Amino acid sequence: KTPEASYHANVLLPVYLAKASDGRKLICFSSDQVYRGCESDGPYREDEAKPANIYGAHKLEMEQRVLDRQPDSVLLRAEWMYDYVSPKPNYFLNVLHASQQVSFSSRQFRGITYLKEVVENMDHVMSLPGGAYNFGSETNQSMYEITEQFLQLLGKDVQLQDALPRHNLWMNCEKARKYGVEFSDASDGLKRCLNDYKTTIKQ
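We now turn to the structure provided with this report.

What counts, and where the lines are drawn
- Residues numbered from 1 in each chain as written.
- Predicted model: local features only at pLDDT ≥ 70, side-chain atom pairs only at ≥ 80, totals over all residues.
- Heavy atoms only, no water.
- Helix = DSSP H or I, 4+ residues; strand = E, 2+ residues; numbered from the N terminus.
- Buried < 20%, exposed > 50% of the residue type's maximum accessible area, 1.4 Å probe, protein only.
- Contact = heavy atoms within 4.5 Å.
- Core = buried A, V, L, I, M, F, W, Y, C linked by side-chain atoms within 4.5 Å.
- Salt bridge = Lys/Arg side-chain N within 4 Å of Asp/Glu carboxyl O.
- Expected span 1.5 Å × (residues − 1).
- Arc of directions from axis to C-beta.

Here we look at the environment of N168
- Mapped onto the secondary structure, N168 falls in the loop between β7 (159-162) and α7 (174-177).
- For N168, a relative accessible area of 10% translates into the label buried.
- Each C-alpha atom of the pair N168 and S142 lies 9.1 Å from the other, and the pair is 26 residues apart in sequence.
- Setting aside its immediate chain neighbours within four residues, N168 contacts Y35, D41, Y44, R107, Q108 and F109.

Set out below in structure tokens:
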């Protein structure tokens, strides 16, 4: 949670791995936070990165340094991921267990991704040419709209409050899709995760 620790974890360690990979293909996870400083509304393509915080700046520096060292490395700009078994809070679990109120903005657009689909796509990731790729579910809905639909699926009587606008973090994932990397859109990914969750609790 300090700039020094962030730099070590998000820049230096991946660079060490790139040096040690010795020509073997390296896959690194980057972040949609590299777009937080973009002036346009998006959805963002890979060449539009403009960080606005230390974490995003470190992720973008990592991408550049890793590719300088190992040009065939693949850098995945990942979104907010969720599943139903994580020990840590995530979007799915936060909304699933909400009892009174949740708050998301009707003026923020961002992708959220079911972790199972990340795993399913890794075989395709291994065949990607070196470079940075937007990686995750796309959407044309605001976080408010996505959450409104999800609450309806859950049948929960929870108040949805419209939060203050936040910077968009949605991405155009066409570059990776050309190589077979396919995700459900954000709402369909939630439906799939919910179905998997219901199947699990019945067993």
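Moving on from the coordinates now.
Points about the nonpolar core
- Ranked by internal contacts, the top residues of the largest apolar core, which has 21 residues, are Y91, F92, I112 and L190.
- Sorting the residues of this core by element identifies α3 (91-96), β4 (101-104), β5 (112-114), α6 (143-154) and α8 (186-202) as the ones contributing at least two each.
- Considering each element in turn, this core owes the most residues, 5 residues, to α3.
- The residues touching L190, leaving out its near neighbours within four places in the chain, are Y82, Y91, F92, I112, I146 and F150.

Observations concerning the pattern of salt bridges
- For the structure shown, the criterion picks out 10 salt bridges.
- A salt bridge links E61 to R65, with the shortest nitrogen-to-oxygen separation between them at 3.5 Å. Residue E61 and its partner R65 are both found in helix α2 (residues 54-69); the two are separated by 4 residues, about one turn of the helix.
- Owing to a relative accessible area of 26%, E61 belongs among the partly exposed residues under this scheme.
- Given the relative accessible area of 32%, R65 is considered partly exposed.
- We note a salt bridge from D188 to K191, for which the minimum N-O separation is 3.6 Å. Here D188 and its partner K191 are both found in helix α8, 3 residues apart, which amounts to about one turn of the helix.
- Assessed through its relative accessible area of 38%, K191 is described here as partly exposed.
- Within the structure, one salt-bridge network assembled from shared partners comprises E117, E120 and R192.

Regarding the environment of I112
- As for its placement among the helices and strands, I112 is situated in strand β5.
- With 17 residues separating them along the chain, I112 and P129 place their C-alpha atoms 24 Å apart.
- For I112, the contacting residues outside a window of four places in its chain are E79, W80, Y82, Y91, S137, M143, I146, A186 and L190.

A word on α6
- Between its first and last C-alpha, α6 extends 16 Å over 12 residues, near the 16 Å set by a 1.5 Å rise per residue.
- Within α6, the full set of buried residues consists of M143, I146, T147, F150 and L151. In a view along the axis of α6, the buried residues occupy a sector of 130 degrees, so they form one face of it.
- Close packing links the buried residues of α6 with α3, β4, β5, β7 and α8.

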